[in-house]
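Chain by chain, the residues run as shown.
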Amino acid sequence: MALKVGRGAFAPPFMVMDVISAANARQAALPPGGVRTIRMEVGQPGTGAPAGAVAAAQAALRSGDPLGYTEAFGRRSLRERIVAHYRDWYGIELPIERVAVTVGASGAFPLAFLAAFDPGDRVAMAAPFYPPYVNIITALGMTPVIMEAGPETRFQPSVAMLEALDPKPDGLIVASPCNPVGTMLHPDELAAIARWCDANGVRLISDEIYHGLHYDSAIASAAGFSANAVVVNSFSKYFSMTGWRIGWLILPEDLVRPVECLAQNMFISAPYISQVVAEAAFDCHAELQANIVRYRRSRDHLLRALPEAGFDRLSPAEGAFYIYADLAGRSNDSMAFCARMLAETGVAVTPGVDFDRTRGHRFLRFSYCGPEADMIEASERLKHWM
Ligand SMILES: Cc1ncc(COP(=O)(O)O)c(C=O)c1O
């Protein structure tokens, strides 16, 4: 007898994983003297955790400390550092009770969504989007409401787009700088969206995971604009600690206890050692800033060089480590285009289909978090390919 399989099992795949597998396979099959694969499909820093953070992990391992569970919201000393981070970076004073340490931003999403919404609730976001937003929302029985955004709003949502929604959604997810486009909601735009959400009873979820990786304009946190907003952040990107699986939430007062109960039941706590490493990472800004200087140079180089390789419709990338390219006139099948690019140039990039189910077939995403020399070589290969 065939047994029932739950709705959550039908979350669509994350296509970039298929591109990563193809790039791995190509590299593994490379003949001696063959053209090596350049990885522009990955969304994680090539660097590891900063040296001071690694030293803290080594000391914790040697200390004989059992490294057991912590409180569900994390070690108090780490939560205090997060409070200080909001004071230093944004001039915001937060009570420590509103800070929850999570298993990455990925672990924060189900906690935030389950605490803020019910099955059947409608949660809006702009397309293109980070695919797990839609996939997690759907797996939890909620309904994603997609607002197609284009170059006019730098692919970000706007108050006008929200006004046009009928009925109004229950929630809104924003991300700035965003994945896959690399554009930002500037402080006045984020403030206007937060005001609109408060005025319309819409719960704002702000994914701020790429804060720190912004190159042109100032950043602001939604926590500074609305006491009702949920802020998601992580040590994965600016702090260069993807594999340590550690992030945090800034919660509105009314969601503190619900999220705490959910976190106790779903995760018990984030890994102890990762909490130690994260705390030490706050003392490593000099090393982390050097990464940013490198990202900025790679971005500047690619924004100049990619048009010479025929990619002349690029997103105005202001942050994160992504550039989104419109293939208009070159291809209407980004999956096939990326496969051919990988086979013929050895440059791996991500087709837009993951990020936008209606228009993604004519976009692709370049990620420039790899070595600077690779970014230069990739643009040369693409120029010759063209
Ligand atoms: C926009 C965005 N949010 C969240 C995540 C998940 O991050 P974490 O490693 O903290 O789970 C990613 C990872 O790429 C991302 O791009």
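Residues numbered from 1 in each chain as written. Predicted model: local features only at pLDDT ≥ 70, side-chain atom pairs only at ≥ 80, totals over all residues.

Undergrad: Before we move on, can you summarise the overall build of the protein with the specific residues and values?
TA: Looking only at helices and strands, the protein has 12 helices and 12 strands in total. Residues classed as buried in the protein amount to 46% of the 386 residues present. Taking the contacts inside the protein whose residues are at least 6 apart along the sequence as the reference set, 73% of them involve residues at least 24 apart. (Helix = DSSP H or I, 4+ residues; strand = E, 2+ residues; numbered from the N terminus. Buried ≥ 20, exposed ≤ 12 C-beta atoms within 10 Å, placed from the backbone. Contact = placed C-beta atoms within 7 Å.)

Undergrad: Quick rundown of the sheet that holds strand β12 (residues 363-367)? Include the residues and the values.
TA: Sheet architecture is open: 3 strands sit in the order β9-β12-β11, paired in antiparallel fashion. Either end of the sheet is taken by a strand with one partner, and the two such strands are β9 (322-326) and β11 (350-351). Alignment of β11 against β12, held across 2 bridges, turns out to be antiparallel. Bridging from a neighbouring strand, Thr350 pairs with Arg365 of β12. (Pairing = 2+ DSSP bridges.)

Undergrad: Describe in detail the pairing of β12, supporting the description with residues and values.
TA: Counting buried residues along β12, 5 of its 5 residues qualify, which places the element largely inside the surrounding structure. The alternating pattern of β12 places Phe363, Arg365 and Ser367 on one face and Leu364 and Phe366 on the opposite face, and all of these are buried. Bridging between β9 and β12 involves 5 bridges; their strand directions are antiparallel. The residue of β12 that forms the bridge with Tyr324 is Arg365.

Undergrad: Just give me the short version of the packing of helix α4 (residues 104-116) against helix α5 (residues 131-139), but keep the residues and values in it.
TA: Interaxial distance between α4 and α5 falls to 11 Å at its minimum, and their mutual angle equals 40°. Classified by the interaxial angle, the pair formed by α4 and α5 is oblique. Considering the relative orientation of α4 and α5, their crossing is right-handed. Here Ser106, Phe109, Pro110 and Phe113 of α4 come into contact with α5, specifically with Pro132, Ile136 and Ile137. Its residues assigned to classes, the contact of α4 with α5 shows 6 nonpolar, 1 polar and no charged. (Axes fitted to C-alpha atoms, helices over the stretch in contact; angles between N-to-C directions. Parallel < 35°, antiparallel > 145°, perpendicular 65-115°, else oblique. Left-handed = near helix turned anticlockwise from the far one by under 90°. Nonpolar A, V, L, I, M, F, W, Y, C, P; charged D, E, K, R; others polar.)

Undergrad: An account of the site of the ligand is requested, with residue identities and associated values reported.
TA: The full set close to the ligand counts 13 residues, and Gly104, Ala105, Ser106, Ser234 and Ser236 are the nearest of them. It is α4 that contributes the most residues to the shell around the ligand, 3 residues altogether. (Near = placed C-beta within 6 Å.)

Undergrad: Kindly report on helix α2 (residues 51-62), identifying the contributing residues and their values.
TA: Taking 1.5 Å of rise per residue, the 12 residues of α2 would be expected to cover 16 Å, and the 17 Å separating its terminal C-alpha atoms lies within 8% of that figure. Downstream of α2 by one or two residues, Gly64 has phi in the positive range, about 85°. (Expected span 1.5 Å × (residues − 1).)

Undergrad: How would you sum up the pairing of strand β3 (residues 122-127)? Please name residues and give values.
TA: Extensive coverage of β3 is indicated by the burial of 5 of its 6 residues. Relative to strand β4 (residues 143-148), β3 runs parallel, the two being bridged by 6 bridges. Within the sheet, the bridge partner assigned to Ala126 lies in β4 and is Met147. As judged from the 3 bridges shared by β3 and strand β5 (residues 171-175), these two strands associate in the parallel manner. Within the sheet, the bridge partner assigned to Met125 lies in β5 and is Ile173.

Undergrad: Could you give an account of the sheet that holds strand β8 (residues 247-250), naming the residues involved and the relevant values?
TA: In spatial order, the strands read β2-β8-β7-β6-β5-β3-β4; together these 7 strands make up an open sheet with mixed pairing. Edge positions in the sheet fall to β2 (99-102) and β4, since each of these pairs with one other strand and no more. Across the sheet, the mean angle from the axis of one strand to that of its neighbour is 20°, orientation sign disregarded. Direction of pairing for strand β6 (residues 203-207) relative to strand β7 (residues 230-234): parallel, over a ladder of 3 bridges. Bridge pairing in β7 links Ser206 to Val231. Relative to β2, helix α3 (residues 76-90) is tilted by about 115°, and along the sheet it contacts β2 and β8.

Undergrad: Describe the domain arrangement of the protein, naming the residues involved and giving the relevant values.
TA: Assigned domains within the protein: domain 1 (7-48 + 286-385) and domain 2 (51-283). Here the C-alpha centre of domain 2 lies 25 Å away from the C-alpha centre of domain 1. Every element with two or more residues in the side of domain 1 that touches domain 2 is listed here: α10 (285-308) and β9. Broken down by class, the residue content of the side of domain 1 that touches domain 2 amounts to 15 nonpolar, 11 polar and 9 charged. (Domains from an automatic or database assignment.)

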